[in-house]
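# Survey of secondary and tertiary structure
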Amino acid sequence: MNRIIALTLKEVTHEISHMYTTVRLRVEGIKDKNAYTKFIGHSASREYLSTLGRRNRDVLRVVFTGTSKDDVKFTVKMVVVTAVPCSTPQRKAVRNSSLAELKRIIAETRFGDFIQGVLYNKINPQIHNLVKKIVPIYRVELYKTELYEVFDEDAVIELDRTKKEREAAAAA
């Protein structure tokens, strides 16, 4: 229980294009030989992200904490890679417009639909089409999502206490 499993999206979908995406799941319960999990986040590999930044490109990072339509709070990290070097006002405009579009998309969709859109690259083109009017864009990538989780600290302390008591009883 409460263990975290990290696996590549390729292991789930069997598509080679999903090799660089890692999905993190938390085990909620176990029944027979089945583990019931909850999605807690995803991330793109560092190797993939480092290939995006090249000479004569600007890499702009945007971090946003939002709440979906069904009141799930999470953080989204996005990178916008321009095809040409851009000026400071252009960078600011790209960040602001991409952030505004991301806020709108998050507010209008349920969490599950949003995550599915992120994992299968359905949200990236929406942001790309908006931002390319400002400056030529090479790529828009939502590279990380993190779900906010609330833990019951008293329950964790109680589990620790019972574990220590069992160890002491086993040692005696």
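Residues numbered from 1 in each chain as written. Predicted model: local features only at pLDDT ≥ 70, side-chain atom pairs only at ≥ 80, totals over all residues. Heavy atoms only, no water.

### Brief notes about the layout of surface pockets
Of the pockets and cavities examined, the largest pocket occupies roughly 220 Å³. Every residue lining the largest pocket is counted, 16 residues in all, and those nearest its centre are S17, T21, Y48, N121 and E141. For the lining of the largest pocket, the elements supplying multiple residues, two or more each, are β3 (34–44), α4 (111–119) and β6 (137–147). A per-element tally of the lining of the largest pocket places β6 first, with four residues. (1 Å grid on protein atoms, 1.4 Å probe; cavity = no way out; pocket = protein on both sides within 12 Å on 5 of 7 lines; lining within 4 Å. Points joined across faces, edges and corners; volume = space filled by probe spheres on them. Helix = DSSP H or I, 4+ residues; strand = E, 2+ residues; numbered from the N terminus.)

### Some details on the side chain of T75
Mapping T75 onto the fold places it in strand β5 (residues 73–82). Within the structure, the side chain of T75 is placed 3.4 Å from the side chain of T65, a separation counted as a polar contact. Beyond its immediate sequence surroundings of up to four residues, T75 is in contact with V63, F64, T65, K144, T145, E146 and Y148. (Polar contact = N/O pair within 3.5 Å; in protein donor to acceptor, adjacent residues only side chain to side chain. Contact = heavy atoms within 4.5 Å.)

### Here's the deal with the pattern of salt bridges
Pairs may arise between side chains of opposite charge once their charged atoms sit close together. As enumerated under the stated definition, the model contains seven salt bridges in all. Where D58 meets R91, a salt bridge forms, and the shortest distance between an N and an O atom there is 3.3 Å. Note that D58 is positioned in the loop between α2 (46–52) and β4 (59–67) and R91 in helix α3 (residues 88–108), a separation of 33 residues in sequence. With its nearest N and O atoms 3.5 Å apart, the salt bridge here joins K144 to E146. Residue classification places K144 among the partly exposed residues on the basis of a relative accessible area of 27%. Classification of E146 as partly exposed rests on a relative accessible area of 30%. (Salt bridge = Lys/Arg side-chain N within 4 Å of Asp/Glu carboxyl O. Buried < 20%, exposed > 50% of the residue type's maximum accessible area, 1.4 Å probe, protein only.)

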